[in-house]
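An overview of the molecular structure
In case you want the letters, here they are:
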Amino acid sequence: MVMLCFLLDLRTLSPPLLRDLKQSLLQLANFYSISNPSRHSSTSKSKTKLKVLFDRIGVCYVFKNRVSVSTEMKVAYRPSGNFSLRDFHHAVNNIPVDAFLPEFNNNVAISCCDIHLASVLSDKTVYSWGGDNEDVGRKVIVISSCLLENLDSVTKKTLMDAADKCVSVEFVLLEQVSSGPGDLSENINEFVKSICDLENCSFRKHLQEAEVLCGLVKEWLRDLRDESEQVQAHLKFKRNILGTLNQICCNLFPSFNHIIDEFEPCQVCRCHGYPLDANHVNKMVNFTSCPVTGNELGTLDLIANSLKVGEHTVLLMPSFHYYTKLQHVTAPIDFNIIDRTNLVSLSEGLIVGSPFVVVPSTSQELDDNDQTELNNQVFQGICSALHSLDQGLVCSSKCNTETMRETPFPCYYILLPSDNGVMLLRRLAGSEEVIPVPDVGQSFESTDAKDVRDSVKASLLEVEVRDYNPIRHERGFHQKLNVLVKESLHFGSLPAKSDDLPPESTSTQVDSVVESGPSKHVMSITGHKEEIPQLDLKFERDKITERITEEWEQLIVSEIPNIRSPTCVSKPKTDHLAVSPLVENNKPLDEKTSRILERLEVPKKLKAKVASPVLASSSTSTDVSMFTKKPLIPFQSTQTSSDIGTVATQPMRPNFQKLKRKNR
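Basis of the calculations
Residues numbered from 1 in each chain as written. Predicted model: local features only at pLDDT ≥ 70, side-chain atom pairs only at ≥ 80, totals over all residues. Heavy atoms only, no water. Helix = DSSP H or I, 4+ residues; strand = E, 2+ residues; numbered from the N terminus. Buried < 20%, exposed > 50% of the residue type's maximum accessible area, 1.4 Å probe, protein only. Contact = heavy atoms within 4.5 Å. Areas by Shrake-Rupley, 256 points an atom, 1.4 Å probe, with all protein chains shown as cover. Pairing = 2+ DSSP bridges. Axes fitted to C-alpha atoms, helices over the stretch in contact; angles between N-to-C directions. Salt bridge = Lys/Arg side-chain N within 4 Å of Asp/Glu carboxyl O. Left-handed = near helix turned anticlockwise from the far one by under 90°. Nonpolar A, V, L, I, M, F, W, Y, C, P; charged D, E, K, R; others polar. Phe/Tyr/Trp six-rings, centres within 6.5 Å; stacked < 30°, edge-to-face > 60°. pLDDT = per-residue confidence, 0-100. Expected span 1.5 Å × (residues − 1). Core = buried A, V, L, I, M, F, W, Y, C linked by side-chain atoms within 4.5 Å.

1. What to know about the overall build of the protein
Helix and strand counts for the protein come out as 17 helices and 21 strands. Going through the 664 residues of the protein one by one, you find that 32% of them count as buried. Of the contacts made within the protein by residues no fewer than 6 positions apart, 70% connect residues no fewer than 24 positions apart. Summing over all exposed atoms, the protein offers an accessible surface of approximately 43,100 Å²; the carbon and sulfur share of this is 53%.

2. Thoughts on the sheet that holds strand E18 (residues 351-358)
With respect to topology, five strands assemble into an open sheet ordered E17-E19-E20-E21-E18, the strand pairing being antiparallel. Edge positions in the sheet fall to strand E17 (336-342) and E18, since each has one partner strand and no second. Along the sheet, successive strands turn relative to each other by an average axial angle of 30°, direction set aside.

3. A closer look at the sheet that holds strand E16 (residues 313-316)
One open sheet accounts for three strands, arranged E11-E15-E16; its pairing is antiparallel. Looking at which strands have only one partner, the edges of the open sheet turn out to be strand E11 (264-269) and E16. The average undirected angle you get between the axes of adjacent strands in this sheet is 50°. Pairing analysis gives five bridges linking E11 to strand E15 (residues 302-309), with the strands arranged antiparallel.

4. Points about the pattern of salt bridges
For the structure shown, the criterion picks out 14 salt bridges. The partner of Arg 239 in a salt bridge is Glu 462, with the nearest N and O atoms 3.4 Å apart. Taken as a pair, Arg 239 in the loop between strand E9 (231-236) and strand E10 (247-252) and Glu 462 in the loop between helix H8 (447-460) and helix H9 (477-489) lie far apart in primary sequence, 223 residues in all. Arg 239 gets classed as exposed once you look at its relative accessible area, which sits at 53%. If you follow the salt bridges from partner to partner, you end up with Lys 139, Glu 170, Arg 204, Glu 219 and Asp 223 in one network.

5. With respect to the packing of helix H1 (residues 15-33) against helix H6 (residues 210-224)
In the contact formed by H1 and H6, the axes pass within 10 Å of each other and the chain directions differ by 35°. Relative to H6, H1 is oriented so that their crossing is right-handed. On H6, the residues touching Asp 20, Leu 21, Ser 24, Leu 25, Gln 27, Leu 28, Phe 31 and Tyr 32 of H1 are Leu 213, Val 217, Lys 218, Trp 220, Leu 221 and Leu 224. Of the residues assigned to the contact of H1 with H6, the class counts are 10 nonpolar, two polar and two charged.

6. Observations concerning unusual backbone geometry
Backbone geometry follows two general trends: most residues other than glycine have a negative phi, and most peptide bonds adopt the trans configuration. Put simply, Ala 331 and Pro 332 share a cis peptide bond, and its omega is 0°. Considering the arrangement of structural elements, one finds Pro 332 in the loop between E16 and E17. For Val 69, which is not glycine, the phi dihedral falls at a positive 50°. Despite not being glycine, His 116 has its phi angle at roughly 55°, a positive value.

7. With respect to the side chain of Ser 24
Inspection of the secondary structure assignment puts Ser 24 in helix H1. If we skip the residues at most four places from it in the chain, Ser 24 touches Leu 213 and Val 217.

8. Some words on the packing of aromatic side chains
This structure, assessed with the given rule, holds nine aromatic pairs. Judged by centre distance (6.2 Å) and plane angle (70°), the rings of Phe 263 and Phe 409 are edge-to-face. Linking Phe 263 in the loop between E10 and E11 with Phe 409 in strand E20 (residues 405-416), this pair joins segments that are 146 residues apart in sequence. Residue class for Phe 409 comes out partly exposed when judged on its relative accessible area of 31%.

9. As for the confidence of the model for the protein
Taken residue by residue, the protein gives an average pLDDT of 75. The fraction at 70 or more is 65%. Note that pLDDT drops below 50 for residues 39-49; the model gives that stretch 18 contacts with residues more than four away or on any other chain. pLDDT under 50 marks residues 504-532. Its contacts with residues more than four places away, or in other chains, come to 51 contacts.

10. Quick word on helix H4 (residues 153-164)
With 12 residues, H4 ought to run about 16 Å at 1.5 Å a step, and its terminal C-alpha atoms sit 17 Å apart, in line with that. On its buried face, H4 sits against helix H3 (117-120), strand E7 (167-175) and strand E8 (201-207). Looking at the residues trailing H4, positive phi occurs at Cys 166, about 60°.

11. Side note on the nonpolar core
In this structure, Phe 6, Leu 8 and Trp 220 are the most contacted members of the largest nonpolar core, which totals 38 residues. If sequence neighbours within four positions are ignored, Trp 220 has contacts with Leu 4, Phe 6, Leu 25, Leu 28, Ile 141 and Ile 143. Ranked by size, the runner-up nonpolar core spans 33 residues in total, among them Leu 148, Val 169, Ile 195 and Cys 201.

12. Some thoughts on the pairing of E16
Here E15 runs beside E16; their pairing, made up of four bridges, is antiparallel. What sits directly across from Val 309, in E16, is Thr 313. Following E15, the chain reverses through three residues before pairing antiparallel with E16; Gly 310 in that reversal takes a positive phi of roughly 75°.

13. Brief notes about the environment of Lys 308
Looking at where Lys 308 falls in the secondary structure, it is placed in strand E15. On a C-alpha basis, the gap between Lys 308 and Phe 263 in space is 5.7 Å, while along the polypeptide they are 45 residues apart. Ignoring sequence-local partners within four residues, the contact set of Lys 308 consists of Phe 263, Glu 264, Cys 266, Pro 275 and Thr 313.

This is the structure:
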């Protein structure tokens, strides 16, 4: 993240070159206006934090005053506070275009004092910009089309002081005609030698071409952006790639610069010029508040005719401004063929967005079968011809396939052929969306580098090579989901549908499923069960035995069973509750036998419930709980060990030793 200050020498810039240079500065400001800010700013009275786009672009120029016949330096745009795209455009457009002096265009060396470099590197200009923000560096870019003389002692001291304050200076020379690659004139060589001992100074020369200026704009934009956009990564190999080295450290840079497709209308407050969103409009009391102060705003305090450029830049528009909202595209989508291009020359970094498979239309979309057949033959002919030529078709369209909306800006696409009769449609980045790749700045011509390359190549040959087939590269989705479903099934069986159960038993059964699930079920992320200590196993076995014994006691001793948990069965059966008599042929029973059979007999209330199911269904929840009973066998095994599973899945014999009978 750097604050840029452009110093233009208008005496050496011809009118056509100055016009292109001013357009480049405006493009830089446009790019920066839609970028995301890296910080948040808030006032003491504001309840919500507002994202602010800080102003980090300054413009100065040097010209010759025709009245005083002296060289002067003026500040065209001074960065202060929040970035204003409107003010920046106004300042750049007002840079004078009649300051060009042809005599300076004959490669006449200009003194560094004449460009007022010391005036720019002072407390009144660059050093005062940015405030106390120490995270923002400063960079001065001197643009001229004439050579500079060697640095004198005063200028050199000025540059050294700038280095102490973390300010770098870059000298950019725009040549009319190239002098050959790597061939610098004697004067340029002398100047480069004079600044080579200064770490904060650099020199670059470029041709006066539109493509060169476009590339410079992208590099300046990269300086303005936050350095946190780059992501660090490691390339790890299964084997050592060189010696004991098995990984390489890398930085990931985005190669695509997203631009917006439309400019949305909005309302702003007159006091601060901030856009108003739904958070600042109170529909309950019908008033709007200022996003900075929170004060109520009236009708006269609002500016309705405004446009949002990105998320944090607002342009005030006249009242007659007309806005058309983007519409969803309607089939068919038109793709206009522009030209053919060699796929070898197409960089993969220029292909963005989601791919679309392109096939010929079916007979249902055309009038008759003859047209369908002809359409298929032509499509196959185009695909075959492009595949044999290893070329693709560049297309343009008003449709953005990412959003499926019409856009006022054309979108570019590439139609890629294949050998199986289908084609692939991919979106291409336009001039505004491309960001140059960072310069590595390293040379591999030395002998040591050649040895390293040979060793690395030998190691790469050991890596298995085969054609990529997506079937062989599973990401593990199904395996992971199967493990999760299996773990979920261990929790308990699914409850029956409400249509199959009476209203009383539906909620009872659901509660039973939840309550009767395993109390201790621990599963690792890989699906393997964790071992439970032997003490826990013994505790679980004793607990199950005690619970079943207690239920038998309640069934035998109590007249009405004391139910402590809902049941899992919906309809009781008399066959399960009835006890067959021990005595046949209606023989008279003694008093002791009668008393025992009376205890084992089904309670009278339960008999009444079973005899009249209609009456039972209309009874209260208390009556329902009288004939519902927790199953003797646990709902599900704990699955923690084989011992517990045996106890939980096999019925246990009742233990009557704990019964306390009264002596009669």
